[in-house]
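The lines below spell out each chain.
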Amino acid sequence: MATLTGPTMELFMKSSNQTIKAVLVNDTDGRVNIGCRLTSVPLKKSLICAFRKYNCHLIIDSVPYLFSNRKRRISRIWRKKESGLLSYFPWGFKDPFTAWLECLAHAEYGKGPTNLTLAADYVFFQPEGTLSDDSDFNKVAGFLSLPILAILAGKKVICLNGTIPEYTGAIHDLVSYLFENCFYAAARDRVSARLYGCDFIPDAAFAYQATSSSKHDRKKLLITTGARNTADKDLFIIDHALKYAEKSGLRPFVLTKGIKRFTSRKEFIKSMGGEFLETATLEDTEKKLKDCALHIGGRYHMAIFALKFGIPSLLYDIKTHKNIWLSQEFQEVDIFDTSFDIFASAENLYDEARFKQWGVSDRVKALEEQYHYAIDELACKIITSSFLQVKKLYGG
């Protein structure tokens, strides 16, 4: 754990039991998707725990992203000058830009949550996996409107736990402005960190406290679909996974929000002793995973959840680099696409996991440890800054 020393420690001793009010922008804890909860819940818990180590009470209010369906409007000066985006941050057009940004934040997050964010001591912004390779300027501007508005209002914004695709032009300028002006910025995968020159802190999902499992006789195949997949791509995944289930004797366990897409396969899956599940609590999902020998699908966070139980994953290459990063980080994760014969890779992953009796790899444990250390360091950085502000305020 990071430590406070010298004058900062003296100030800390005088300022014990302080309370810091923060918000988590794009808190995904309330979503139906299991993976969204898998990452937001440990993030909030670990932050609160890290601050508590320094005798500091952190209060985190939730600010979800609304995925606004309203038509986003870009001001006239903005449309004309997208190529020279940074000239509007905030020099020369501060008032019209800030007003436009505030209206956009109200549409994307709500007026109340926007005001709550601007009243907080610190703003945590979690990009998570909300942006994809094909997100356009309007989508990105709307999503980043609130954290950038907070920066312009003088708030200390901490950006972490997100994957940011490789953008160019105006979108790249927008993202770069956010990262460069945050109090602290880190990405949850090494690719994003390299692209935008920030730190790497592993996904908060690695910090989920899974109960140990000694179950070595695993008879189910976890099948997931892709968050942004077309119906055809999801059907490709499930059909190839079912073929492997038939050959291996594993019973399919299909976890998907797109159950309607697979109506024609439902009876066949049931005839194999399989089951469908649209959503569940993290605890119930954990119980189900302990029966699974292998994961085939498109879900990044379910692959991380699976790794916590020694379950390998054969992942579909989706519209961001997060699944590719997982395959680069872990030998238990492999990538496939629609031109790929998955059987050989699935068999190799399954045989290796069975040989190891589905033990959790040292790499998974190392990333969990790295995550906690980084969050402790971040808490120390924030608290030190807060103490120095208090000291300056009172002329100490």
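Conventions we followed
Residues numbered from 1 in each chain as written. Predicted model: local features only at pLDDT ≥ 70, side-chain atom pairs only at ≥ 80, totals over all residues. Heavy atoms only, no water. Helix = DSSP H or I, 4+ residues; strand = E, 2+ residues; numbered from the N terminus. Contact = heavy atoms within 4.5 Å. Areas by Shrake-Rupley, 256 points an atom, 1.4 Å probe, with all protein chains shown as cover. Buried < 20%, exposed > 50% of the residue type's maximum accessible area, 1.4 Å probe, protein only. Arc of directions from axis to C-beta. Core = buried A, V, L, I, M, F, W, Y, C linked by side-chain atoms within 4.5 Å. pLDDT = per-residue confidence, 0-100. Salt bridge = Lys/Arg side-chain N within 4 Å of Asp/Glu carboxyl O. Disulfide = S-S within 2.5 Å. Phe/Tyr/Trp six-rings, centres within 6.5 Å; stacked < 30°, edge-to-face > 60°. Lys NZ or Arg CZ within 6 Å of the ring centre and 35° of its normal. Axes fitted to C-alpha atoms, helices over the stretch in contact; angles between N-to-C directions. Left-handed = near helix turned anticlockwise from the far one by under 90°. Nonpolar A, V, L, I, M, F, W, Y, C, P; charged D, E, K, R; others polar. Pairing = 2+ DSSP bridges. Right-handed = clockwise from strand over helix to strand, strands pointing away.

### Here we look at the overall build of the protein
- Helix and strand counts for the protein stand at 15 helices and 12 strands.
- By sequence separation, contacts in the protein at least 24 residues apart represent 75% of the contacts at least 6 residues apart.
- For the protein, the exposed area adds up to about 17500 Å²; of that, 51% sits on carbon and sulfur atoms.

### Section: helix H13 (residues 322-329)
- Every buried residue of H13 is accounted for by Lys322, Asn323, Trp325, Leu326 and Glu329. Down the axis of H13, the buried set is contained in an arc of 155°. They therefore lie on one face.

### A look at the nonpolar core
- Counting 74 residues, the largest nonpolar core has Phe125, Leu144, Val175, Phe305 and Leu326 as its most contacted members.
- Counting 29 residues, the second-largest nonpolar core is a separate cluster that includes Leu235, Ile237, Tyr244 and Phe336.

### Some words on the side chain of Gln126
- Considering the arrangement of structural elements, one finds Gln126 in the loop between strand E3 (122-125) and helix H6 (137-152).
- Take Gln126: its relative accessible area is 0%, and that puts it in the buried class.
- Among residues more than four places away in sequence, those in contact with Gln126 are Leu24, Val25, Asn26, Asp27, Thr28, Thr39, Ser40, Leu43, Phe143, Leu160 and Asn161.

### Looking at the confidence of the model for the protein
- Taken over all residues, the pLDDT of the protein has a mean of 86, while the share at 70 or more is 85%.
- Predicted confidence for residues 69-93 stays below pLDDT 50, and this span has 40 contacts to residues more than four positions away or in other chains.

### Observations regarding the pattern of salt bridges
- Following the criterion strictly, the structure yields 17 salt bridges and no others.
- Notably, a salt bridge pairs Lys290 with Glu286, separated by 3.8 Å at the nearest N-O pair.
- Classification of Lys290 as buried rests on a relative accessible area of 18%.
- Via salt bridges that share partners, Arg31, Glu128, Arg188 and Asp203 belong to a single interconnected network.

### Some points on the state of the cysteines
- By the definition in use, this model includes zero disulfides.
- Summary of cysteine pairing: Cys159 is not part of a disulfide, and the nearest cysteine sulfur, belonging to Cys182, is at 5.1 Å.
- A residue is classified by how much of its surface remains accessible, and Cys159, at 1% relative accessible area, is buried.

### Quick word on the packing of aromatic side chains
- On inspection of all chains with the given rule, the structure shows 13 aromatic pairs.
- Arranged with centres 5.2 Å apart and planes meeting at 75°, the rings of Tyr208 and Phe305 form a pair that is edge-to-face. Here Phe305 lies in helix H12 (residues 300-307) and Tyr208 lies in the loop between strand E6 (199-200) and strand E7 (220-224), a separation of 97 residues in the sequence. Comparing Tyr208 with Phe305, the two get one shared label, buried.
- Following the ring pairs from residue to residue traces out a cluster consisting of Tyr65, Tyr109, Phe125 and Phe143.
- A cation over an aromatic ring shows up here: Lys247 above the ring of Phe343, its NZ or CZ 4.6 Å from the ring centre.

### Quick word on the packing of helix H5 (residues 111-119) against H6
- Following both chains from N to C, one finds H5 and H6 inclined at 35°, their axes separated by 10 Å at the closest point. The hand of the H5/H6 crossing is right-handed. Residue-level contacts link Thr114, Thr117 and Leu118 of H5 to Leu146, Leu149 and Ala150 of H6.
- Class assignment of the residues belonging to the contact of H5 with H6 gives a composition of four nonpolar, two polar and no charged.

### A look at the pairing of strand E5 (residues 184-187)
- Burial along E5 is two-sided: the residues Tyr184 and Ala186 and Ala185 and Ala187 are all buried.
- One ladder, built from two bridges, connects strand E4 (residues 156-159) with E5; its direction is parallel. Its bridge partner being in E5, Cys159 is matched across the sheet by Ala185.
- Tracing the backbone out of E4, into helix H7 (residues 169-181) and back to the parallel element E5 gives a crossover that is right-handed.

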